[in-house]
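What follows is the residue order along each chain.
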Amino acid sequence: MDPPDMLTVVLSSPEQSVMDVLTGEGLGDLDLAAVAVLAVPLWALPADQRSTVAGLCEHP
(Lines give C-alpha, C1' and ligand atoms only; values in the text may rest on other atoms or scores of the structure.)
Protein backbone atom coordinates (compact mmCIF):
# COMPACT_ATOMS: atom_id res chain seq x y z
CA MET A 1 0.00 0.00 0.00
CA ASP A 2 1.38 3.39 -0.99
CA PRO A 3 1.18 6.32 1.42
CA PRO A 4 -1.27 9.11 0.54
CA ASP A 5 -0.09 12.15 -1.34
CA MET A 6 1.15 14.76 1.08
CA LEU A 7 2.78 18.14 1.07
CA THR A 8 5.99 18.41 3.06
CA VAL A 9 7.09 21.69 4.59
CA VAL A 10 10.16 22.66 6.56
CA LEU A 11 9.93 24.58 9.82
CA SER A 12 13.19 26.42 10.37
CA SER A 13 12.51 27.55 13.96
CA PRO A 14 10.17 26.69 16.84
CA GLU A 15 8.43 30.04 16.38
CA GLN A 16 7.45 29.28 12.76
CA SER A 17 4.02 27.74 12.19
CA VAL A 18 2.86 25.52 9.36
CA MET A 19 0.60 28.35 8.17
CA ASP A 20 3.60 30.74 8.18
CA VAL A 21 5.41 28.42 5.77
CA LEU A 22 2.36 27.78 3.58
CA THR A 23 1.57 31.50 3.34
CA GLY A 24 5.21 32.26 2.51
CA GLU A 25 5.04 29.77 -0.36
CA GLY A 26 1.77 31.20 -1.69
CA LEU A 27 -0.31 28.34 -0.29
CA GLY A 28 -2.06 30.21 2.52
CA ASP A 29 -5.48 29.28 1.19
CA LEU A 30 -4.74 25.54 1.24
CA ASP A 31 -7.53 23.55 2.90
CA LEU A 32 -5.69 21.67 5.64
CA ALA A 33 -8.74 19.46 6.17
CA ALA A 34 -8.37 18.17 2.60
CA VAL A 35 -4.58 17.99 2.15
CA ALA A 36 -2.13 15.98 4.23
CA VAL A 37 0.79 18.13 5.38
CA LEU A 38 3.95 16.79 6.97
CA ALA A 39 5.89 19.50 8.82
CA VAL A 40 9.56 18.76 9.48
CA PRO A 41 11.19 20.73 12.33
CA LEU A 42 14.70 21.31 10.99
CA TRP A 43 15.96 22.80 14.24
CA ALA A 44 15.45 19.39 15.90
CA LEU A 45 17.78 17.63 13.45
CA PRO A 46 21.58 17.48 13.54
CA ALA A 47 23.02 20.50 11.71
CA ASP A 48 24.85 18.35 9.16
CA GLN A 49 21.58 16.72 8.05
CA ARG A 50 19.38 19.80 7.75
CA SER A 51 20.14 20.73 4.14
CA THR A 52 19.60 17.14 2.97
CA VAL A 53 16.24 16.90 4.72
CA ALA A 54 15.19 20.34 3.49
CA GLY A 55 15.99 19.26 -0.06
CA LEU A 56 13.81 16.18 0.31
CA CYS A 57 10.92 18.39 1.42
CA GLU A 58 11.01 20.70 -1.60
CA HIS A 59 8.02 20.61 -3.87
CA PRO A 60 7.55 21.97 -7.37
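Before reading further, recall that the structure is shown in the block above.
Residues numbered from 1 in each chain as written. Predicted model: local features only at pLDDT ≥ 70, side-chain atom pairs only at ≥ 80, totals over all residues. Heavy atoms only, no water.

Here we look at the pairing of strand E2 (residues 36-41)
(1) Moving on: Alignment of strand E1 (residues 6-11) against E2, held across six bridges, turns out to be parallel. What sits directly across from leucine 7, in E2, is valine 37.
(2) Moving on: In this fold, E1 hands off to helix H1 (residues 18-24), which returns the chain to E2; that crossover is right-handed. (Pairing = 2+ DSSP bridges. Helix = DSSP H or I, 4+ residues; strand = E, 2+ residues; numbered from the N terminus. Right-handed = clockwise from strand over helix to strand, strands pointing away.)

Quick notes on the nonpolar core
(1) Moving on: Within the largest apolar cluster, five residues are counted, these being Leu7, Val9, Leu11, Val21 and Leu22.
(2) Moving on: Counting residues per element, the ones that place at least two in this core are E1 and H1.
(3) Moving on: The dominant element in this core, judged by the number of residues it contributes, is E1, at three residues. (Core = buried A, V, L, I, M, F, W, Y, C linked by side-chain atoms within 4.5 Å. Buried < 20%, exposed > 50% of the residue type's maximum accessible area, 1.4 Å probe, protein only.)

What about the environment of valine 9?
(1) Moving on: Positionally, valine 9 belongs in strand E1.
(2) Moving on: What valine 9 contacts, discounting residues up to four positions off in sequence, is Val18, Val21, Leu22, Val37, Leu38, Ala39 and Val40. (Contact = heavy atoms within 4.5 Å.)

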